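The chain contents come next:
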Amino acid sequence: MPMMTPEQYEESLRRLNLVVYMFGKRVENVVDDPIIRPSMNAVKKTYELAHLPEYQDLMVATSHLSGDKINRFTHIHQNTGDLVKKSKMGRLLGRHTGCCFQRCVGMDSLNALSIVTYNIDQKHGTTYHERFLKYLAYVQENDFTCDGAMTDPKGDRRLPPHKQPDPDHFLHVVEEREDGIVVRGAKAHQTGALNSHEIIVMPTIAMREEDADYAVSFALPSDAEGILYIMGRQSCDTRKLEGGNMDQGNLLFGGHEALVVFDNVFVPWDRVFMYKEYDFVGQLVEAFAAYHRQSYACKVGVGDVLIGAAQTAAEYNGAEKASHIKDKIIEMNHLNETLFCGCIACASEGHKAPSGTYAVNTLLANVHKHNVTRFPYEISRLAQDIAGGLMVTMPSEKDLRSPDTGKWVEKYFKADPDTPTEHRLRILRLIENVCLGTAAVGYLTESMHGAGSPQAQRIMIARLVNMEEKKRAAKKLCGIE
Amino acid sequence: MASNDRNRSFVRIGIKFCGGCNPEFDRGSMANRIVEVLKGKAKVVSLQEGEVDCVIAIQGCPTACADLDPFSDLLVYRITSEEEVVRFVNRVVKGLFP
């Protein structure tokens, strides 16, 4: 089964036995839960588009292991063309879903591990890469969605892992057995965890010898014994429980995050890809972070949706010809396409790692992600400016439908005579969803902190720029050298 | 992929799309328009399933990034705009295709 259909994907999730809690209660039916389901729909889209000829040039790749056609989300990049297609795929899916589609993090984990397991073996004589390739073949053959789990809760930020008052604030090894290891800890902010077949765990910060027990990477089925999930809340999440089909804004798709707890979980050796090689933790974190910073190409697609919504709202308001509105739309597009430039550039300037995997240009990936921490906020501000205050003051769908109030809502929120009032309210709800509602988690705060907070990118930019060459160029021109 | 069967009365055509990351026109509806105008003149065949005589590459913008390497030995019509669709359709209507 090289590529699952969307229906097969949904059925495969039903066979999982995830332990999920939300609002203090166990969720018995994860797939059909109205709060979770839109996020499943978004991942499902990655399966659907892979079967449609109009999108296969981006969505489908050829496995370097088997030669089979596979979903690009399980692919190891074989050239810069693959990296460019990854960026374009992100924009495509962002525009189709208007939210985070959650599957890039697993792809980025697989690619980072394909590089680092090889490098560990070269130095330490281990066999992690062979193990990893067997695992990769398994993921590709089954077309799995993988959660890439890096971020530990981290406890007291002043202290390294081994000095934390609570040792579980960083995931760590608690027992070594003949057949594997036992780990304990948690991973926070896990995007798409409940829609994943597998969970790939990596350490979260560079480590020293004293932290060796924390230098561990492995993969497990998402329903392995001892793993439990606690759903994160999103702004306006319970609107999905209200019935109706308007106030959610995005009627079809969404994202989710969860706290994933590993309560003494057993990992067999064949699923362990790093074990106490603390000297490679920093490399794994950086490799993953660079790929994942590229992955914020998705925000360009969500930006496409928001810009389209803002333009539509302007037309429904009858304001689309005002020069300042036109200029704001231009500014939104300028910012959005600048983001696109970054994710294409870091891919085009990629290079081949010793394992054969192509890596993105790390400096440009960090510059791209740093722009992502800023530009969506400005695009969102402009969208709200264009939308007008009604976006946050308009009555509910139930008021629109009510025999008592519907006529007033219809009457007083009519603008363009050719546009039904309901259409105007719907487009404003979509803007609200992306700027302030459930999708703002992905479009704004995830843009800020996902794949590393802004300062993480600034540190990398400082480290990676070629300052000596810049100084040399300046000195040469003014006669110092 | 090309066939030497000269007894066939129709040309077998495969349609290849770019991935559609940011298309400037609706590639799907343009493909349907092309398929419609080709009725009786050519047979559209899935690129995955059958041999084709030529390929129509419908690409959403001038970047034209679709991977056409697998069709290097075939006649490929490259379409990157609605205007090119119109030109192609006119060519078919005038009997200038293939």
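So, how was this worked out
- Residues numbered from 1 in each chain as written.
- Chains lettered and ligands numbered in written order.
- Predicted model: local features only at pLDDT ≥ 70, side-chain atom pairs only at ≥ 80, totals over all residues.
- Heavy atoms only, no water.
- Helix = DSSP H or I, 4+ residues; strand = E, 2+ residues; numbered from the N terminus.
- Rg over C-alpha atoms; globule rule 2.2 N^0.38 Å.
- Buried < 20%, exposed > 50% of the residue type's maximum accessible area, 1.4 Å probe, protein only.
- Contact = heavy atoms within 4.5 Å.
- Areas by Shrake-Rupley, 256 points an atom, 1.4 Å probe, with all protein chains shown as cover.
- Lys, Arg positive; Asp, Glu negative; His and termini not counted.
- Charge placed at Lys NZ, Arg CZ, Asp CG, Glu CD.
- Pairing = 2+ DSSP bridges.
- Axes fitted to C-alpha atoms, helices over the stretch in contact; angles between N-to-C directions.
- Buried area = accessible area lost by both parts, 1.4 Å probe.
- Salt bridge = Lys/Arg side-chain N within 4 Å of Asp/Glu carboxyl O.
- Polar contact = N/O pair within 3.5 Å; in protein donor to acceptor, adjacent residues only side chain to side chain.
- Nonpolar A, V, L, I, M, F, W, Y, C, P; charged D, E, K, R; others polar.

### Quick look at the overall build of chain A
Item 1. Helices and strands together make up the secondary structure of chain A, namely 18 helices and 14 strands.
Item 2. Taken against the 2.2 N^0.38 rule, which gives 23 Å for 481 residues, the C-alpha radius of gyration of chain A at 23 Å falls within 12% of a compact globule.
Item 3. The buried share of chain A, taken over its 481 residues, is 56%.
Item 4. Of the contacts made within chain A by residues no fewer than 6 positions apart, 77% connect residues no fewer than 24 positions apart.
Item 5. If you sum the accessible surface of chain A, you get close to 19700 Å²; carbon and sulfur atoms cover 52% of it.
Item 6. Each charge class in chain A can be summarised by its mean position, and for the 55 positive and 62 negative side chains these summaries are 5 Å apart.

### Comments concerning the sheet that holds strand 11 (residues 257-268) of chain A
Residues and elements named next belong to chain A.
Item 1. If you walk across this open sheet you meet the six strands as 2-1-10-11-7-6, and the pairing is mixed. Each of the sheet's edge strands pairs with one partner strand only, and the pair in question is strand 2 (25-26) and strand 6 (172-177).
Item 2. As judged from the five bridges shared by strand 6 and strand 7 (residues 180-191), these two strands associate in the antiparallel manner. When the bridges of strand 7 are listed, Glu-175 appears paired with Val-182.

### Comments concerning the sheet that holds strand 8 (residues 198-201) of chain A
Residues and elements named next belong to chain A.
Item 1. Strand order in the open sheet formed by four strands is 5-8-9-12, with mixed pairing between adjacent strands. In the strand order of this sheet, the two ends are held by strand 5 (146-149) and strand 12 (272-275), each with one partner. Strand-to-strand twist across the sheet, computed as the mean angle between neighbouring axes with direction ignored, equals 15 degrees.
Item 2. Of the strand pairs in this sheet, strand 5 and strand 8 are connected by four bridges, and their pairing is parallel. By the bridge assignment, Cys-146 is partnered in strand 8 with Glu-198.
Item 3. The strands touched by helix 5 (residues 104-124) within the sheet are strand 5, strand 8, strand 9 (216-221) and strand 12, with strand 5 carrying the most contacts at an inclination of about 65 degrees.
Item 4. Helix 6 (residues 128-142) contacts strand 5, strand 8, strand 9 and strand 12 of the sheet and is inclined by roughly 145 degrees relative to strand 12.

### Here's the deal with the interface of chain B and chain A
Item 1. Between chain B and chain A, the contact holds 15 residues from the first and 14 residues from the second.
Item 2. Where chain B abuts chain A, roughly 1000 Å² becomes buried across the two surfaces, and 48% of that area is made up of carbon and sulfur atoms.
Item 3. In terms of surface lost to chain A, no three residues of chain B exceed Phe-17, Gly-19 and Cys-21 of chain B, which account for 46% of the buried area on that side.
Item 4. Between the two partners, chain B and chain A, sit one salt bridge.
Item 5. Here Asp-57 of chain A and Lys-16 of chain B are joined by a salt bridge, their closest N and O atoms 2.8 Å apart.
Item 6. Inspection of the region where chain B meets chain A yields five residue pairs in polar contact (both at pLDDT 80 or more).
Item 7. If you list the elements that add at least two residues to the side of chain B that touches chain A, you get strand 1 (11-17) and helix 1 (27-37) of chain B.
Item 8. By residue class, the composition of the side of chain B that touches chain A is six nonpolar, six polar and three charged.

### Let's talk about unusual backbone geometry
Residues and elements named next belong to chain A.
Item 1. Even without glycine at this site, Lys-154 takes up a positive phi of about 75 degrees.
Item 2. Position of Lys-154 relative to the elements: it lies in the loop between strand 5 and strand 6.
Item 3. Not every positive phi belongs to a glycine, and Ala-451 is a case in point at roughly 60 degrees.
Item 4. Mapped onto the elements of the fold, Ala-451 is located in the loop between helix 16 (440-449) and helix 17 (454-464).
Item 5. Overall, the relative accessible area of 16% leaves Ala-451 in the buried class.

### With respect to helix 1 of chain B
Residues and elements named next belong to chain B.
Item 1. Of all the positions in helix 1, only Arg-27, Gly-28, Met-30, Ala-31, Ile-34 and Val-37 are classed as buried.
Item 2. Residues of helix 1 that are buried sit in contact with strand 1, strand 3 (54-58), strand 4 (75-79) and helix 2 (82-93).
Item 3. A distance of 3.1 Å separates the backbone nitrogen of Gly-28 from a side-chain oxygen at the start of helix 1, and that oxygen is part of Asp-26.

Any link to function would need more than the numbers given here.
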